[in-house]
Amino acid sequence: MRMPEPDQAILARRTEIARALGAIVPGEGVILEEDELRAYESDGLTAYRQLPMIAVLPETTDQVSRILKYCHENGVKVVPRGAGTSLSGGALPLADGVLLGLGKFSRILDIDFENRCVVVQPGVTNLGVTKAVEHAGFYYAPDPSSQIACTIGGNVAENSGGVHCLKYGLTTNNLLGLEVVLIDGTILRVGGKHLDSDAYDLLGLLTGSEGLLGVVTEVTVRVLKTPETARAVLLGFPTSEQSGDCVAAIIGAGIVPGGMEMMDKPAIHAAEAFVNAGYPLNVEALLIVELDGPQVEVDLLVAKVTEIAAAHGAVTSRVSNSEEERLVFWAGRKAAFPAIGRISPDYYCMDGTIPRHKLPLVLSRMREMSEKFDLRVANVFHAGDGNLHPLILYDANEPGELERAEEFGAEILKLCVEVGGVLTGEHGVGVEKRDLMGVMFSEADLRQQQRVKCAFDPDSLLNPGKMFPVLHRCAELGRMHIHGGKMPFPDLPRF
Amino acid sequence: MATLKPETPEQVLEAVTWAVAEETPLEVIGRGTKRALGRPVQAGNNLELSGLSGITLYEPEELVLSARAGTPVAEIEATLAAKNQMLAFEPADLGPLLGGEAGQGSIGGMLACNLAGPRRIKAGAARDHFLGAHAVAGRGEVFKTGGRVVKNVTGYDLCKLLAGSYGTLAVLTDVTVKVLPVAEKTRTVLLYGLDDAAAMKAMSRALQSSHEVSGAAHLPAALTGGSPISYIAEAGGAVTAIRVEGPGPSVEHRAAALRRELADVGETEELHSTNSAKLWAELRDVRPLSAHPERVIWKISVPPASGAQVVARIAHGQDALCFYDWGGGLIWLALPASDALAFAARHAAVRAALKDCGGHATLIRAPEDLRAQVPVFQPQDPGTAALTKRIKDSFDPRRVLNPGRMAAGV
Ligand SMILES: Cc1cc2nc3c(=O)[nH]c(=O)nc-3n(C[C@H](O)[C@H](O)[C@H](O)COP(=O)(O)OP(=O)(O)OC[C@H]3O[C@@H](n4cnc5c(N)ncnc54)[C@H](O)[C@@H]3O)c2cc1C
């Protein structure tokens, strides 16, 4: 993976830049020592590492604004960072860039039950939001598996999801407002505690923009009342086709479960060996369907789901009868990644989305690829919304295995696009999938996206080298090619 | 002035390319139901998309539907209803409010105006269900964004930007939306005789419960008399409505629980599915204000707890009619028709009322000369206004698509 060539002129000015940043963020806020910079050299995509030129840890929006303004005026690149759990290399530093860490923005600013929202600084963890409101029976719905560690700022940048987003939406559906700082230092307030906008939806555009459009310094999220109850149904199927058909039938019956997760045989075995959740080992596919809401409704839907599953050949069918049992059902799924980590020195987590009915096809093609690349693969799948997480098992110490794993991963993602899906469902493009963007988008599609980038950051200083395979200059992108001059389709009716 | 009626995406491209070359702006029209919404557009020609029509993909089990942008919403809703599905954001039909007929709008127009209805509080707005698009940018270039799956973070979410851009950035040619199952049953709990502030409190309590409320609206006394639902028309005072949807036993249970929990605020009543459907369609399409076709209509979105206060400020000393949706967060306000001078003063009062709480006020209906006189959309701070212009530049540098519709220079 190639990153933009470091700018030698900037590297030569390192001391001067550090001094200028030190004047903005006094005290311990500027980091220069190599051993301290190590902490930032990588994110959740550990295959890539790069020390930043300087790290800076501001504490106020005003400081962020002055840092960005300085970097903009001096042509210095900036990489924002939350907790560094990105799985796509979104927070990977640049050798000639300033790493802007938002960890000190860790305060909850306002809890407003009347308006059912919470205002937090971006460095608050995802779980931290729920913790702040759970005493009153509220929670923040998007729940990425990394929720103990990942920050709300990172969630906004990646538009993160979780197992409950089938029913409750992704980050983008649960946000009300942001404060963002643009690269020129402009501080904008987008949205607030009200719904929607009557102007361009900047809130929606910024969500999922991977730190390329602005630095988020404050976030207002909606919070929901915790459902009255939740029960999970554990279903085992002899084939993944039957499991897939069961998912389609549940949705076809008008049921939108709180969560619906599928695991394939390798994932089931790894998880069971790790946590002893009591998963059946003789099935090809395991489905966990969680129903939440009022007790009467949940009981009713649990019965319906069990019935549908039986009609689709489920050989295991168990319903949780207590909160402990529900958590046990989930324990294996939640520990799927570390469970794979136990049976393989390294694993590479992919994140494509496919139309659900393509699952059997995609799984069988993946088995062929697994043989071709001679690497094992285990699958966990947000079955309700078609988001697939193949985990490719490899050993980085074996020469060539990482490269093979990456090639395997790229082929899986191309397959996702080929069957009508997309490259990434929730982990983002980052550096990881940057060079695959052309599989899904034409040159013209990507140029239009980059023009939007130009509207925010004309010199491409914010997180460059991520998301776009080719960096065009804004002047070049803005050029118009004008043709024509004839009145179009003169033969068509007009009045 | 010509009206171009393309029948293929290629012809849309041809039309926009031509407009760019000629530097002659186009007014982009879906099926024309919301032309009276926004600032008056100065365009040499019209680009009407009704010829670009038809559902191109519908997979009920995948909860997804694609259609040409000019497809009537009515056709889409009928197709979905046949499979017991719906557009869950409950898009308002603003046709009659704006002086036209009901049921005429296109899906492209619905998305471009980011419509929503009472279920907004639970299910989101058009923006939240807009999965993918093919479009022709004002530069005269075709592009696509998004896809046909719900979970997708590949590249910028330009669907969000196009939703609510009122045709000022690009002409949508094909769109894909998420669809959802229709709930089996609906119940609406009615509370009688609350003043605005008490209604806000009651709705807030309902929304803070775990009963998954999917609608919370308040009709002050002045607007209940004309309701087609007898439980409301005969109330003789204000009515607050709280909706729950789901399987039969579940809605019964939740409606009963809401009535129990809100018993302290006064007398309650309950509407079943048919009457509920009628009531929420009324509220969605702003029909409680339909007896006042001469009035100027504002749509105001504020933090729900501020709703009553905002209205009190605007209504102070003047004849204002309004009702609330979204638990108080959405205010549909009707002010008397007036001469330009009085109109300017009322406009200033609306803007001032939102100063403390934030939000936006949009002038949805007013005579053309008045819409040219004041900002129709919420005025922006200088930083946002400058960014808005740069975004417009990135799609439509020559200002050929609906120039000026949202703001001067955009
Ligand atoms: C074990 C594990 C499980 C995971 N499970 C899930 C899951 O279930 N669902 C899911 O969606 N993701 C998951 N992730 C991915 C990751 O946790 C999310 O993408 C998360 O949102 C990243 O948050 P962060 O604070 O770590 O951001 P970082 O990794 O620090 O940064 C991510 C991106 O956001 C940008 N950024 C960070 N903060 C800001 C800010 N304040 N302003 C502007 N840009 C900013 C960075 O530049 C970078 O591009 C998982 C990761 C791990 C390691």
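All chains use their own residue numbering, which begins from 1 and follows the written sequence. Working convention: letters from A go to chains and numbers from 1 go to ligands, in the order in which they are written. Selection of residues for local features in this predicted model requires a pLDDT of at least 70, selection of side-chain atom pairs for listing and counting requires 80 or more, and totals for whole chains, interfaces and linings are taken over all residues. Neither water nor hydrogens contribute to the side-chain values; these are computed over all heavy atoms in the structure.

**A look at the interface of chain B and chain A**
Each side of the interface is counted separately: chain B has 94 residues, and chain A has 103 residues. For the pairing of chain B and chain A, the buried interface totals around 8,100 Å² over both sides, and the portion due to carbon and sulfur atoms is 58%. The term salt bridge refers to a side-chain nitrogen of Lys or Arg lying within 4 Å of a carboxyl oxygen of Asp or Glu. Across the pair A:Asp201 and B:Arg127 runs a salt bridge, and its minimum N-O distance is 2.6 Å. No other element matches helix 14 (residues 382–395) of chain B, which puts nine residues into the side of chain B that touches chain A. Considered class by class, the residues forming the side of chain B that touches chain A number 39 nonpolar, 30 polar and 25 charged. Here, residues are in contact when the closest pair of their heavy atoms is within 4.5 Å. Summed over both partners, the accessible area lost on bringing two parts together, with a 1.4 Å probe, is the buried area. To qualify as a helix, a DSSP run of H or I must reach at least 4 residues; to qualify as a strand, a run of E must reach at least 2; elements of each kind are numbered from the N terminus. We call Asp, Glu, Lys and Arg charged. Ala, Val, Leu, Ile, Met, Phe, Trp, Tyr, Cys and Pro are nonpolar, and the rest, Gly among them, are polar.

**Observations concerning the domain arrangement of chain B**
All names here are of chain B. Domain borders in the structure are assigned automatically or taken from a domain database. The domains assigned to chain B are domain 1 (2–181), domain 2 (185–284) and domain 3 (290–371). Spacing between the C-alpha centres of domain 2 and domain 3 amounts to 24 Å. Its largest share of buried area at the contact with domain 3, domain 2 owes to Met200, Leu223 and Leu283, together 44% of the area lost on that side. For the purposes of these results, a polar contact is taken to be a pair of N or O atoms within 3.5 Å, where, inside protein, one atom must be able to donate a hydrogen and its partner to accept one; residues adjacent in sequence count only when each atom of the pair is a side-chain atom. The interface formed by domain 2 and domain 3 contains four residue pairs in polar contact (both at pLDDT 80 or more). Broken down by secondary-structure element, the contributors of at least two residues to the side of domain 2 that touches domain 3 are helix 7 (196–207), strand 12 (213–219) and helix 10 (273–284). Among the elements that make up the side of domain 2 that touches domain 3, the one with the highest residue count is helix 7 (five residues). Residues of the side of domain 2 that touches domain 3, tallied by class, amount to 12 nonpolar, one polar and one charged.

**Points about the sheet that holds strand 4 (residues 97–101) of chain A**
The strands making up a sheet associate through backbone hydrogen bonding, with each pair oriented either parallel or antiparallel. All names here are of chain A. Strands sit in the order 1-2-4-3 across an open sheet of four strands; the sheet is mixed. Of all strands in the sheet, those bounded by a partner on one side alone are strand 1 (30–31) and strand 3 (77–81). Strand pairing follows a simple DSSP-based rule, namely that at least 2 bridges must link the two strands. Two strands pair when backbone bridges link them, and strand 3 and strand 4 are joined in this way by five bridges, in the parallel orientation. Within strand 4, the position partnered with Pro80 by the bridge is Leu100. For every element, the axis is a line fit to its C-alpha atoms; helices are fit only across the contacting stretch, and the angle between N-to-C directions ranges from 0 to 180 degrees. Its contacts with the sheet place helix 2 (residues 14–24) against strand 1, strand 2 (54–56) and strand 4, and it is angled at close to 5° to strand 2. This element, helix 4 (residues 61–74), spans strand 2, strand 3 and strand 4 of the sheet and lies at about 170° to strand 4.

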